[in-house]
Amino acid sequence: MVMSSLANASTFEVVSIWSVLFIAFLGLGYAFMLRIQIMRHDKGSAPMQEVWNAIRLGADAYLKRQLKSILPLIFILTGVLFFSVYVIPPSEEALKRFSTFTPDMVRLIVGLGRAAAFVMGAFFSLIVGQFGMRMAVEGNVRVASAARRSFGEALKIAYRTGTITGMLTDGLGLLGGTLIFMIFGIASPDVLLGFGFGGTLLALFMRVGGGIFTKAADVGADLVGKVEKNIPEDDPRNAAVIADLVGDNVGDCAGMAADIFESYEVTIVSGLILGLALMAITHELKWLIFPLLVRGIGVVSSIIGTYLVKGSEKKGDEKNIQSRDAFKSINFGFYASAAISLVAFFFLAMFYMHEWRAFLSVGVGLLLAIIIDEITKYFTHTQHAPVKEIAKSSQTGSATLILKGLSIGFESSAWQFIVIALTILTAVLIYWGMPTVFVLYGVAMTGIGMLTLTGNNVAMDSFGPISDNANGIGEMAHLEPEARQIMADLDAVGNTTKAITKGVAIGSAVIAAVSLFGSFLTDVTKVQAQMGILENLRLLATGIRISEPMVFIGMLLGAAVPCLFSSLTLDAVAKASGLIVDEVRRQFRIPGLMEGKVKPDYKKAVDICTIAAQKELISLALIAVVSPILIGLVLNVEALGGFLAGVIIAGQLLAVFMATAGGAWDNAKKTIEDGLYGGKGSEAHKSSVIGDTVGDPLKDTSGPALNPMIKVINLVSLLAAPIIIHCRRTDPGVIATIIISFLLVSGAIIYSKRGSLSLAGKTPACRRQA
């Protein structure tokens, strides 16, 4: 199969591609091996299993309802992607790959491949999110049970459960990209766009829906339980506590896993598109093979590094000792994987690529991941100054605490912007004096290098909600104080690992978007060349000229989209959390509930969150999918490039700001709950709860949702740009498309606003429906 699609491949290259395919299955096999290990552990006492079962049923119900909501749009877009190849002539690479077929047959083959790849990308993203989340649910009760015996065992179970999701992300992402490359060869970029789009769209659904669910429950539960009733976070008398624990899984586990999975896919797509452009210049296949080999090395290094994470069997007498042990072990695994990868990259670059530039490009990406880890850790970890300063400001009230958190969020955005700018500058310096396409390829390799340790990063992220759920189960099942302290320690570590991986996800989203931006330039230039446009007038030669009014307008509109997107998601959380507040207050008025004689109805809060989350999915997806088509058709393809630049810049700023500020507020609250400034129930604690409540939807809903949104817009632009170039705005079909696109975007915005307002204004009806 490889030999037929890559006739010029050397024996080493053919063996390498088969090896990469084997490594993909190795990663999946490692995930299933860990699953067997985890499932052997006990699920604890009957009360623990009762809480766990409620979480499991709530999560399953949410995911089933979400799947029903998104399937119709997936079906429609599959057809659109198939027919998109009939609007323009087949690419030269596709004609060359399938040279024995007529152009019409080539169109059919590429169309079927693109549609099938779209379905495969969506399906793989769904598997990563749903299977990973279900394993997190299976793991949390086992972590709670293990905490009764030792800190080390609880840490190992929590981290390895998260590693299952990480290796699914690694294995399926590598499997899909490698299979498409093996079948389509030099024509694979045409098909890989569908694969990336499918994964990215599903990530958007899971991020938005999961984010709205989890924060509606969390905010509502905290405002009534902690602030009004002065009861603990996971008190079983709180009617929203199960919805809150369910939300940790559908938001942080399923949503983040799908988010990083689509970044993993997208960097491969952009790397192969740009590698194909270099292959046309140098006539060397290595530019296409190298990204896949780097990915394979990353999977192997993640397997080794994640297996090294083991906690001390000692039960420390002091919380910070245990927290440091957990961080030390997790960091050891991360840096072990990084070291293995760097050594392997060096030998691959020297002995296969025969140049140092390739090694530096992926090495810089790996270094970027580490630097972003450290920046995020500094701004969100309880041991560093920013979180301590936020906690200190709680003594003067919630207003000063919120202001301090906003300040830290903005500062972290500035530093991450500087680091990413220096990274791109490094790519320019590495390929100094060479054509622009080499620089763009270097940026793409930086993105691939950054996501080398995807298995480790996803494991760290899933570790957070698994530990959080275990802590909640321990609270509701009334476990002994020593076990509760171990789970609280792991929960505190998990808050920081979640913040770190959110930083990596945002940084990788920006690098992936810049890589796609480079692919956009090369693809548009290729189509312009086919149309006979002079070389000095092609987009790669002229660049995106913001001095052109239309391009500047496009950039302004692009910067507006992340703001609009954030507004709509925050509004959805605000309305849904209002319903949860009303429901929890209503149940607290039930005689005997506060005394523990009557159990609350947890299912009603779960149903309210589920309904609220599903209402926003299609409308927000339509904004991301249709807006670049509308901009490209109304303005022009260069203005669409400006639109992409605006989306990337504004999206990065907002995403980092929201994720960091929210994480810092959360950990400031936890330091106070550990006894600082009066501890739980104090005025400082109440102020910190308000700050955490404000920050929760920022760090877990709106901020993370921007990552897939940026990449959906970039991928749609890549798919649409060749068609837009061939269109004339005076054609009746184009005019009709513009009108329909405008109505879809406007209707989506109006529906989202009216839908959430309607939800807020009809609480009794919603309750009856729940």
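These numbers come from a predicted model, not from an experiment.

S.K.: Teacher, can you tell me more about the overall build of the protein chain here?
M.R.: Along the protein chain, the regular secondary structure elements total 24 helices and zero strands. Its C-alpha atoms give the protein chain a radius of gyration of 25 Å, within 12% of the compact-globule value 27 Å for 770 residues. Across its three principal directions, the C-alpha atoms of the protein chain cover 80 × 55 × 40 Å. Within the span of the protein chain, comprising 770 residues, buried residues form 65% of the whole. Of the contacts formed within the protein chain by residues at least 6 apart in sequence, a portion of 86% connects residues at least 24 apart. Split by element, the accessible area of the protein chain, about 26100 Å² in all, is 66% carbon and sulfur. Averaging the locations of the 63 positively and 59 negatively charged side chains of the protein chain gives two centres separated by 4 Å.

S.K.: Teacher, can you tell me more about the confidence of the model for the protein chain here?
M.R.: Parts of the prediction with low pLDDT should not have their coordinates interpreted in detail. Predicted confidence across the protein chain gives a mean pLDDT of 83, with 94% of residues reaching 70 or more. Overall, residues 314-324 carries pLDDT values under 50, and its contacts beyond four positions in sequence, including any with other chains, amount to 18 contacts.

S.K.: Would you mind showing me how to read the side chain of K699 here?
M.R.: With respect to the element layout, K699 can be found in helix α22 (residues 683-726). Other than its neighbours up to four places away in sequence, K699 contacts K502, M658, A659, G662, G663, D666 and P704.

S.K.: For this particular structure, what's the right way to read the nonpolar core?
M.R.: The tendency in soluble globular proteins is for nonpolar side chains to be buried side by side. Residues F197, I242, F290, F520 and M709 are the most contacted members of the largest nonpolar core, which totals 260 residues. Residue contributions to this core peak at 23 residues, all from helix α8 (residues 241-282). When sequence neighbours within four positions are dropped, the list of residues in contact with F520 reads L539, V637, L640, G641, L644, S717, L718 and A721.

S.K.: Please explain the pattern of salt bridges as it appears in this structure.
M.R.: Side-chain pairs of opposite charge can arise whenever the charged atoms involved come near each other. Evaluation of the coordinates by the stated rule reveals 27 salt bridges. Between K699 and D700 there is a salt bridge, with the nearest N and O atoms lying 2.7 Å from each other. The exposure class of D700 is buried, given its relative accessible area of 2%. Salt bridges sharing common partners tie together K215, D218, D666, K669, D692, D696, K699 and D700.

S.K.: Looking at this model, I keep getting lost on helix α20 (residues 617-634). Mind explaining?
M.R.: The terminal C-alpha atoms of α20 lie 26 Å apart, and with 18 residues this matches the ideal 26 Å at 1.5 Å per residue to within 8%. At V626, α20 shows its largest bend, some 35 degrees, and a proline, P628, comes one to four positions later. Of all 18 residues that make up α20, 15 are buried, and the element is covered over most of its length.

S.K.: I tried to follow unusual backbone geometry on my own but got confused; where do I start?
M.R.: With the exception of glycine, the majority of residues adopt a negative phi angle, and the majority of peptide bonds are in the trans configuration. Its identity as a non-glycine residue notwithstanding, H283 has a phi of 60 degrees, on the positive side. Topologically, H283 is positioned in the loop between α8 and α9 (286-307). Notably, H354 is not glycine yet its phi reads approximately 60 degrees, a positive angle. With respect to the element layout, H354 can be found in the loop between α10 (319-353) and α11 (357-380).

S.K.: Hey, could you run me through the packing of aromatic side chains in this one?
M.R.: The description of an aromatic ring pair uses the distance of the two centres, along with the angle that the planes make with each other. Counted under the stated rule, the structure contains 21 aromatic pairs. With 5.1 Å between their ring centres and 80 degrees between their planes, Y378 and F379 make a pair best called edge-to-face. Classification of F379 as buried rests on a relative accessible area of 4%. A ring pair is formed by F410 and F657, whose centres lie 4.3 Å apart and whose planes are at 20 degrees; its orientation type is stacked. Of this pair, F410 sits in helix α13 (residues 398-430) while F657 is found in helix α21 (residues 637-673), placing the two residues 247 residues apart along the sequence. By relative accessible area, which is 53% here, F410 ends up exposed. Every member of this aromatic cluster is reached through a ring pair, and the members are W287, Y431, F438 and Y441.

S.K.: When you look at α11 in this model, what are you seeing that I'm missing?
M.R.: Think of an α-helix as 3.6 residues a turn; residues three or four steps apart then line up on the same face. For α11, with 24 residues, the first-to-last C-alpha span of 34 Å sits near the 34 Å given by 1.5 Å per residue. With 18 of 24 residues buried, α11 is to be regarded as a mostly interior element.

S.K.: Help me understand the environment of F657 in this model?
M.R.: Overall, F657 belongs to the buried group, its relative accessible area being 10%. Each C-alpha atom of the pair F657 and S412 lies 6.7 Å from the other, and the pair is 245 residues apart in sequence. If we ignore the near neighbours within four places in the chain, the residues touching F657 are L406, G409, F410 and S413.

S.K.: Explanation requested: the environment of V14 in the structure shown.
M.R.: The topology assignment puts V14 in helix α2 (residues 11-39). In this structure the C-alpha to C-alpha distance between V14 and I289, which are 275 residues apart in sequence, comes to 9.5 Å.

S.K.: Would you mind showing me how to read a nonpolar patch on the surface here?
M.R.: Together, W415, I418, L422, L425, L429 and W432 give the surface a local cluster of nonpolar side chains, amounting to about 670 Å² of exposed area. As for its position among the elements, L425 is in helix α13. Owing to a relative accessible area of 42%, L425 belongs among the partly exposed residues under this scheme.

Conventions used here
Residues numbered from 1 in each chain as written. Predicted model: local features only at pLDDT ≥ 70, side-chain atom pairs only at ≥ 80, totals over all residues. Heavy atoms only, no water. Helix = DSSP H or I, 4+ residues; strand = E, 2+ residues; numbered from the N terminus. Rg over C-alpha atoms; globule rule 2.2 N^0.38 Å. Buried < 20%, exposed > 50% of the residue type's maximum accessible area, 1.4 Å probe, protein only. Contact = heavy atoms within 4.5 Å. Areas by Shrake-Rupley, 256 points an atom, 1.4 Å probe, with all protein chains shown as cover. Lys, Arg positive; Asp, Glu negative; His and termini not counted. Charge placed at Lys NZ, Arg CZ, Asp CG, Glu CD. pLDDT = per-residue confidence, 0-100. Core = buried A, V, L, I, M, F, W, Y, C linked by side-chain atoms within 4.5 Å. Salt bridge = Lys/Arg side-chain N within 4 Å of Asp/Glu carboxyl O. Expected span 1.5 Å × (residues − 1). Bend = angle between axes of the 7 residues up to and from the residue. Phe/Tyr/Trp six-rings, centres within 6.5 Å; stacked < 30°, edge-to-face > 60°. Patch = residues over 30% accessible without salt bridge, like charges linked within 9 Å, V, L, I, M, F, W, Y side chains within 5 Å.

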